[in-house]
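Fold and contact review
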Amino acid sequence: MKNVDELVRKQHKTPKGEQPGPITYPQVSLVAINPHTGQILALVGGRNYGLSQLNHAIAERPTGSIFKPFVYAAAYNSSLNGLSLSNGDGDGGRVFTALTQLNDEETTFTYDNGRQTYTPKNLISGYKGDVTAAYALAHSLNAATVQLGQMVGFDNVAALARSSGITNARGTPSVAIGTYNATPIDMAGAYTVFANNGVHLTPWMLASVRNASGDIVSDFSPEAKQVMDPRAAYLTQSLLEGVMNYGTAAAVRGHGFTAPAAGKTGTSHDAWFAGYTSNLICIIWVGNDDYTDVKIEGAHAAEPIWTEFMKRAIQLPQYSDVKPFSAPEGITTARIDKTSNLLADSTCPGNILYAAFLDGTAPTNTCSQMSESPQNLIQRILGIGGSKSETPPPAPTTGAPIVRVPPNTPPDGNAPDTTQQPAPAKKKNFFQKIFGGGKDKDKQQPQPTPPPQ
């Protein structure tokens, strides 16, 4: 908590000449569980029992962005169930992948049969325009995630969350960014679905009750329920590895935790961090009892606590055997060029992302084909513009086949993503210039901003 206390002291810095007032430091909770049994291994209910007797591990609070992975998991589930996503602009359905394009710009969403509206804000990161799903989750973009929730169906997102133990979730646009309450114990159980092949385990502390002779009076079995396809769980987990390696949780690596891990930051008026290895899930919550804003992001308030706890935990023999996450059958991992979102080959070194895909959904073209001019492309399509005797250009000397790679890639494989900038204004493409079309849609009138949810 030293890091949090220092940030709070800076927030309360007294102007010169004034007497310093009392500082109220935020409360904290920590819950660590076994991802494969649900057993609670460690629990911290507050920072000082003398100051507050409330067990914050069982106190319901808005979950913030640690909820967002359930939106992406619902999208993967839809694809596995044969349902295609549509963004409502008439482009038809499409299978969801890490490279699905999402629009991250200020948008007003309607719900409740058009009677209510909701406009999510990207107050910290600003709006980024068209981005990939992997980028949107890694950098915790609100508008893009709500758009994905609309494509999947807010009711479907909420249903998956309820099946995963987040029982307060409801099918409104704000569900996508974690406005509904859950306890730290609830969220520890919810993350078992990603760490445990789609199986939700209800966290538990009591295994059995015995009498004075040692005989079992009552025996309690863990509650387990398959709530999503193992492939959907792994694909979501792969995105969460990206959050840890080059997204909002990259400070974990900077603070010296190098073991294979996946996780997500969260910020509402509280601060959260949810992360796990192959054998330990840990949830951190930081907040004020009076619900005032701690004004510290999850990456700065909760992440350092998580990192320090996990660094010490993996030094213990029972948690030291941390393994890379293993993919189930039906998953392929490919090297992707971040600039083109195509398979990486020798022409695009240095901007590489390792992304997991359902078999058959990864890109098939390579980044080297991006350098081909539109004129040459249309000539090849229509078979014009050169004699038949012309020699075709040589193929790249180094191809870029889809290859299975270790799911937990080294930091230099998933370097900080600085290549994806806010999208510029759309221009007519080559075909539109020739054949016409591509007019801009009528601009929407601005919608009123709804009250906070």
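The text that follows walks through the structure, step by step, so that each part is easy to find. These numbers come from a predicted model, not from an experiment.

Basis of the calculations
Residues numbered from 1 in each chain as written. Predicted model: local features only at pLDDT ≥ 70, side-chain atom pairs only at ≥ 80, totals over all residues. Heavy atoms only, no water. Buried < 20%, exposed > 50% of the residue type's maximum accessible area, 1.4 Å probe, protein only. Helix = DSSP H or I, 4+ residues; strand = E, 2+ residues; numbered from the N terminus. Pairing = 2+ DSSP bridges. Polar contact = N/O pair within 3.5 Å; in protein donor to acceptor, adjacent residues only side chain to side chain. Salt bridge = Lys/Arg side-chain N within 4 Å of Asp/Glu carboxyl O. Phe/Tyr/Trp six-rings, centres within 6.5 Å; stacked < 30°, edge-to-face > 60°. Lys NZ or Arg CZ within 6 Å of the ring centre and 35° of its normal. Patch = residues over 30% accessible without salt bridge, like charges linked within 9 Å, V, L, I, M, F, W, Y side chains within 5 Å. Areas by Shrake-Rupley, 256 points an atom, 1.4 Å probe, with all protein chains shown as cover.

Here we take up the pairing of strand 15 (residues 281-287). In terms of residue burial, strand 15 counts as a mostly covered element, since seven of its seven residues are buried. In strand 15, alternate side chains face the same way, and those of Ile-281, Ile-283, Trp-285 and Gly-287 on one face and Cys-282, Ile-284 and Val-286 on the other are all buried. Strand direction decides the pairing type here: strand 1 (residues 27-33) and strand 15, joined by seven bridges, are antiparallel. Residue Val-28 lies in a different strand from strand 15, and its bridge partner there is Val-286. Note that strand 14 (residues 271-276) and strand 15 share six bridges and pair antiparallel. Bridge pairing in strand 15 links Trp-272 to Trp-285. The loop that links strand 14 with its antiparallel partner strand 15 comprises four residues.

As a further point, take the side chain of Asn-245. Mapped onto the secondary structure, Asn-245 falls in helix 8 (residues 230-246). Among the residues examined, Asn-245 registers a relative accessible area of 10% and is labelled buried. A distance of 3.2 Å separates polar atoms of two side chains, one belonging to Asn-245 and the other to Arg-253.

For the rest of this paragraph, the subject is the pattern of salt bridges. Tallied over the full model, the rule gives six salt bridges. The residue Arg-231 makes a salt bridge to Asp-229 at a minimum N-O spacing of 3.0 Å. What makes Arg-231 partly exposed here is its relative accessible area of 28%. For Asp-229, a relative accessible area of 23% translates into the label partly exposed. A salt bridge links Asp-321 to Lys-323; its shortest N-O distance comes to 2.3 Å.

What follows concerns the packing of aromatic side chains. Summed over the entire model, instances satisfying the criterion amount to 10 aromatic pairs. Centroid distance Tyr-76 to Phe-96: 4.7 Å. Interplanar angle 70 degrees. Geometry classified as edge-to-face. Here the residue Tyr-76 occupies a position in helix 2 (residues 69-80), and Phe-96 occupies one in the loop between helix 2 and strand 4 (101-104), the gap between them amounting to 20 residues. Since its relative accessible area comes to 1%, Phe-96 is described here as buried. Each residue in the set Phe-67, Phe-70, Tyr-191, Phe-194, Tyr-276 and Phe-325 is aromatic and connected to the rest through ring pairs, giving one cluster. In this structure, Arg-61 is placed above the aromatic ring of Tyr-291, and the distance from its NZ or CZ to the ring centre is 3.8 Å. A cation over an aromatic ring shows up here: Lys-338 above the ring of Tyr-246, its NZ or CZ 4.9 Å from the ring centre.

This paragraph deals with the environment of Gly-82. Mapped onto the secondary structure, Gly-82 falls in the loop between helix 2 and strand 4. Judged by its relative accessible area of 61%, Gly-82 falls in the exposed class. Counting along the chain gives 13 residues from Gly-82 to Val-95, while the straight-line C-alpha distance between them is 8.5 Å.

On the surface, Leu-206, Val-209, Val-217 and Phe-220 cluster together into a nonpolar patch covering about 350 Å² of accessible area. Structurally, Phe-220 can be placed in the loop between strand 11 (216-219) and strand 12 (224-226). With a relative accessible area of 41%, Phe-220 lands in the partly exposed category.

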